There are 2 protein chains.
Amino acid sequence: MAQSPDKSEAFVREGEISVELPAQTDAGVYFIGRIHTPWQTRKECPKNAGEARERGTVCTIELDPRWQPALKGLETCTHIILLYWMDRVQRDLLVQVPSTYGVGRGTFSLRSPVRPNPIAMSVVKLLKIEGNRLEVVGVDCLDGTPLIDLKPYFPSVDSIPDAVVGWHAGRNGPKD
Amino acid sequence: MAQSPDKSEAFVREGEISVELPAQTDAGVYFIGRIHTPWQTRKECPKNAGEARERGTVCTIELDPRWQPALKGLETCTHIILLYWMDRVQRDLLVQVPSTYGVGRGTFSLRSPVRPNPIAMSVVKLLKIEGNRLEVVGVDCLDGTPLIDLKPYFPSVDSIPDAVVGWHAGRNGPKD
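Here the structure is a predicted model, which means the values were calculated and not measured. (Residues numbered from 1 in each chain as written. Chains lettered and ligands numbered in written order. Predicted model: local features only at pLDDT ≥ 70, side-chain atom pairs only at ≥ 80, totals over all residues. Heavy atoms only, no water.)

**With respect to the overall build of chain A**
Helix and strand content of chain A: two helices and 10 strands. The N-to-C order of helical and strand elements in chain A reads β-β-β-α-β-β-β-β-β-β-β-α. Per-residue burial over chain A gives 57% buried out of 176 residues. Long-range contacts, defined as pairs at least 24 residues apart, comprise 77% of the intrachain contacts of chain A with a sequence gap of at least 6. Surface accessibility of chain A: about 7400 Å² in total, with carbon and sulfur atoms responsible for 47%. (Helix = DSSP H or I, 4+ residues; strand = E, 2+ residues; numbered from the N terminus. Buried < 20%, exposed > 50% of the residue type's maximum accessible area, 1.4 Å probe, protein only. Contact = heavy atoms within 4.5 Å. Areas by Shrake-Rupley, 256 points an atom, 1.4 Å probe, with all protein chains shown as cover.)

Structure follows, in structure tokens:
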């Protein structure tokens, strides 16, 4: 089971607010596979999903063979939704000061991996599926990040081209 | 902690494939709030996110007050991503035969709540935030469903209008 780091002043910048986490979790997730990328450190990673897409790096998802039959039909999708577990971050920040902005913002208004449940959602382009391996473009995470779900992307409900993130308007793409 | 029902023939239709779940989970999630909807049974629920949006029912998210400061800035968003925990479903089906289709499809090619990690992702319209309560349109879940994350929706990376789900092409919106 992934452990979050102990709450520590060392993890809280000026202007940030942390919280005492609940004594226990309420449900358990299975790691169903791993995402393989060329990036071993956060510094090497694309800054966000937009940059990942621009770079165009092909990354590989290796699904635990136990779940392989559940891929049936997914190969007909051009894009898929990945949910993955950011297993190397703290979970106790309510307000964060991303270095890109220098302004405190609520965790739920950011796509930062630091959140009570460190689950990232990315829409990626599916190139191919061979056995239990998928090749995708658009991942921005560290090598070895645990996968927790794959879903088909339905533009009819998932695509909202005119949605606005007011605090971010005029900038380019999400940054954490 | 949410328990999945015991694996049982009663839960497996003809053409479906189930799997033995791993002996233990790998990480824990906190339920950070609850989603309140008018629907007490699956029969009453909208069939999918498309139908939820058409109905236009305003639903309320009640965030645990512990996390309320993390909402700061989210009120500037027109649309948000909800991740929630489908706590009343089995988790062991690899291939499912949704009654809508009558054809077996892999769990990861469907948006069905039945999956190894029963996490649903919905893009909803944000109407307002007051204290720890959010009013949204587009939710299709049962009353009381546990919330696990809120994120801003960035069209620059989340909106792919021309994505295709091949097996579904020609139908209207996702159905489970």
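That was the structure; now back to the text.
**Observations regarding the side chain of arginine 111 of chain A**
Here arginine 111 of chain A lies in the loop between strand E7 (105-106) and strand E8 (119-130). Its relative accessible area of 19% is what places arginine 111 of chain A among the buried residues. Reaching out from arginine 111 of chain A, the side chain makes a polar contact with the backbone oxygen of methionine 121 of chain A at a distance of 3.2 Å. Polar contacts involving the side chain of arginine 111 of chain A include one to the main-chain carbonyl oxygen of proline 152 of chain B, which spans 2.8 Å. (Polar contact = N/O pair within 3.5 Å; in protein donor to acceptor, adjacent residues only side chain to side chain.)

**A short note on the pairing of strand E9 (residues 133-137) of chain B**
Residue and element names in this part refer to chain B. Sheet analysis places strand E4 (residues 58-63) next to E9, joined by five bridges and oriented antiparallel. Note that in E9 the partner of valine 58 across the bridge is valine 137. Relative to E9, strand E8 (residues 119-130) runs antiparallel, the two sharing five bridges. Its bridge partner being in E9, glutamate 130 is matched across the sheet by arginine 133. Hairpin remark: E8 followed by E9, antiparallel, with two residues in the connecting loop; positive phi at glycine 131, about 60°. (Pairing = 2+ DSSP bridges.)

**With respect to the interface of chain B and chain A**
Often the size quoted for an interface is simply the accessible area lost on bringing the parts together. With 74 residues of chain B at the contact, the number on the chain A side is 74 residues. Note on chain B versus chain A: buried area summed over both sides is about 7200 Å², and carbon and sulfur give 64% of it. In terms of surface lost to chain A, no three residues of chain B exceed Asp26, Tyr30 and Phe108 of chain B, which account for 12% of the buried area on that side. Our enumeration of links across chain B and chain A arrives at four salt bridges. We note a salt bridge from arginine 115 of chain B to aspartate 149 of chain A, for which the minimum N-O separation is 2.9 Å. The interface formed by chain B and chain A holds 47 residue pairs in polar contact (both at pLDDT 80 or more) in total. Broken down by element, the side of chain B that touches chain A gets its largest block of residues, five residues, from strand E10 (residues 145-152) of chain B. Per-class residue counts for the side of chain B that touches chain A are 44 nonpolar, 18 polar and 12 charged. (Buried area = accessible area lost by both parts, 1.4 Å probe. Salt bridge = Lys/Arg side-chain N within 4 Å of Asp/Glu carboxyl O. Nonpolar A, V, L, I, M, F, W, Y, C, P; charged D, E, K, R; others polar.)

**Some points on the sheet that holds strand E10 (residues 145-152) of chain A**
Residues and elements named next belong to chain A. One closed barrel holds the six strands; their spatial order is E3-E4-E9-E8-E5-E10, and the pairing between them is antiparallel. Sheet twist, expressed as the average angle between the axes of neighbouring strands with direction ignored, equals 45°. Summarising the sheet, strand E5 (residues 79-85) and E10 pair through five bridges and their orientation is antiparallel. Bridged to tyrosine 84 within E10 is leucine 147. (Axes fitted to C-alpha atoms, helices over the stretch in contact; angles between N-to-C directions.)

**Re the pairing of strand E5 (residues 79-85) of chain B**
Taken across its seven residues, E5 of chain B has seven buried, putting it largely inside the fold. Residues His79, Ile81, Leu83 and Trp85 of chain B line one face of E5 of chain B and the alternating positions Ile80, Leu82 and Tyr84 of chain B line the opposite face, and both faces are buried.

**Side note on the confidence of the model for chain A**
All names here are of chain A. Residues of chain A with pLDDT of at least 70 account for 90%, and the chain-wide mean is 90. Every residue in residues 1-10 is under pLDDT 50, and counting partners more than four places away or in other chains gives 19 contacts. We note a pTM of 0.90 for the whole complex and an ipTM of 0.90 for its interfaces. (pLDDT = per-residue confidence, 0-100.)

**A short note on the packing of aromatic side chains**
Following the criterion strictly, the structure yields six aromatic pairs over all chains and no others. Seen from their ring centres, tryptophan 167 of chain A and phenylalanine 154 of chain B are 6.4 Å apart, and the 85° between their planes marks the pair as edge-to-face. Of this pair, tryptophan 167 of chain A sits in the segment after helix H2 (155-158) while phenylalanine 154 of chain B sits in the loop between E10 and helix H2 (155-158), which puts the two residues in different chains. Consider the rings of tyrosine 30 of chain B and tryptophan 67 of chain B, whose centres lie 6.4 Å apart with planes at 40°: the pair is tilted. On the criterion of sequence distance, the pair formed by tyrosine 30 of chain B in the loop between strand E2 (27-29) and strand E3 (33-36) and tryptophan 67 of chain B in the loop between E4 and E5 is long-range, its members being 37 residues apart. Residue class for tyrosine 30 of chain B comes out buried when judged on its relative accessible area of 7%. The ring of tryptophan 67 of chain A has arginine 66 of chain A sitting right over it, with the charged end atom 5.9 Å from the ring centre. (Phe/Tyr/Trp six-rings, centres within 6.5 Å; stacked < 30°, edge-to-face > 60°. Lys NZ or Arg CZ within 6 Å of the ring centre and 35° of its normal.)

**With respect to the environment of glutamate 135 of chain A**
Positionally, glutamate 135 of chain A belongs in strand E9 (residues 133-137). Contact partners of glutamate 135 of chain A, with chain neighbours within four places excluded, come to Val58, Cys59, Thr60, Lys125, Leu126, Leu127 and Lys128 of chain A.

**Here's the deal with the relation of the copies chain B and chain A**
Screw-axis analysis of chain B against chain A gives a translation of 0.0 Å along the axis, an RMSD of 0.0 Å, and a rotation angle of 180°. On the angle and the small slide along the axis, the relation comes out as a two-fold axis. Comparing interface residues between copies, 100% of those in chain B also lie at the interface in chain A; the contact surface is shared. (Least-squares fit on C-alpha atoms with pLDDT ≥ 70 in both.)

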